[in-house]
Amino acid sequence: MTARTTRRAALAAAVLLAALALQLLDVRLAASQSATLSARLAPEVSTSDPWDPVWERSSSLDLALSAQLVVAPRGGTRDQLLARALHDGRRLFVLLEWRDATEDARIDGVTAYSDAAALQFPAASTAATPPLCMGSPTAIVNIWQWKAVWQTDARQDLTRITTSKPRAWADLYPNSGDALFAPARALGNLVARPDRASPVEDLQAGQYGTLTSSREQPVGGVGVWRGGTWRVLFWRDLASPQTGDASFGVGGAGVDAAAALWAGSAAERDGLKAVSQFFVIRPVTLPATADLPFWTAALIVLVPMAIFIVGMTWLARSGWTPGRA
């Protein structure tokens, strides 16, 4: 084996070792397609605590947000979002995290608005990536929307006015059970529903202006604001029998997703929101492990490469050839 052949073999082996190490670490240096968020396998994920330490062992993806400028009302103030994902073999969990100086979780006035977050996916029947703005008639999207105020409603009773306005007088309401005195509730207004089981609503749309609440509501969620940061957790079974919902498979190519945020303190609602571009959520069989520091991961890749190259160089200089004892 000549020195030139040895160098070529060493280079090829080094490339293969690097590719193998990057694959095992689930690291992607660059890609021309959408960014990918790998949902690793975790045997147990809390559905009540988005700050559970298990999320420190998940993959993460920084998403840039921009104001929604396609249809009126246009706007949106948030500019960054951190997304994480896990699965337990049966359910997909997606965590969204963003900075927010105020916790807007009440609507107790005509100018009060709720913080909110949403994820958008192509319906299982949609073959191509749908238009970002609520899909199209031939490319339906499935949307999961969490609202902080819905979570507040689920945790508090109708006396919450006394907690938000401690100097106000709250008297008994003798006709609370009469539908005539609660027309919004009688008409099925989702904001007025007293029996909401989850702060997340499962929706479908076939372009803007067609947003419709799904017949079944299979998506769960919870949000916790802590020290100026929201963490909102969504979860749902990987498969859904409901037509129009997204479907997720472990080990496949993944599913396109986009995120949106509403800031209640900025009076954001409806189309006034910040949105991300599409990225891919891909459930994988890799277990959830603590992220390695950069230099640790670099050493895992570089040390075997260095040992191999030094060994091959020494063998070439010593005159070793294949098949020679």
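Use the structure listed above.
Residues numbered from 1 in each chain as written. Predicted model: local features only at pLDDT ≥ 70, side-chain atom pairs only at ≥ 80, totals over all residues. Heavy atoms only, no water.

A. The packing of aromatic side chains, seen in detail. Applying the stated rule across the entire model yields six aromatic pairs. For the pair Trp144 and Phe234, a centre-to-centre distance of 6.4 Å together with 35° between the ring planes defines the contact as tilted. Of this pair, Trp144 sits in strand β7 (residues 141-147) while Phe234 sits in strand β11 (residues 229-237); the two residues are 90 residues apart in sequence, bridging distant segments of the chain. Taken as a pair, Trp144 and Phe234 share a single burial class, namely buried. Taking 6.1 Å as the distance between ring centres and 65° as the angle between the ring planes, the aromatic pair formed by Trp144 and Phe248 counts as edge-to-face. Of this pair, Trp144 sits in strand β7 while Phe248 is found in the loop between β11 and β12 (255-262), placing the two residues 104 residues apart along the sequence. (Phe/Tyr/Trp six-rings, centres within 6.5 Å; stacked < 30°, edge-to-face > 60°. Helix = DSSP H or I, 4+ residues; strand = E, 2+ residues; numbered from the N terminus. Buried < 20%, exposed > 50% of the residue type's maximum accessible area, 1.4 Å probe, protein only.)

B. Focus on the side chain of Ser240. With respect to the helices, strands and loops of the structure, Ser240 is situated in the loop between β11 and β12. Assessed through its relative accessible area of 18%, Ser240 is described here as buried. One polar contact links Ser240 to Asp245, side chain to side chain, over a distance of 3.0 Å. If we ignore the near neighbours within four places in the chain, the residues touching Ser240 are Pro218, Asp245 and Ala246. (Polar contact = N/O pair within 3.5 Å; in protein donor to acceptor, adjacent residues only side chain to side chain. Contact = heavy atoms within 4.5 Å.)

C. Here's a closer look at the pairing of β12. Taking burial as the measure, the eight residues of β12 include eight buried ones, the bulk of the element. Taken together, the three bridges between β12 and strand β14 (residues 279-287) define a ladder with antiparallel strand orientation. From the neighbouring strand, Asp256 faces β14, where its bridge partner is Val280. Bridge count between β12 and strand β13 (residues 274-275): two bridges; the pairing is antiparallel. Bridged to Ala260 within β13 is Val275. (Pairing = 2+ DSSP bridges.)

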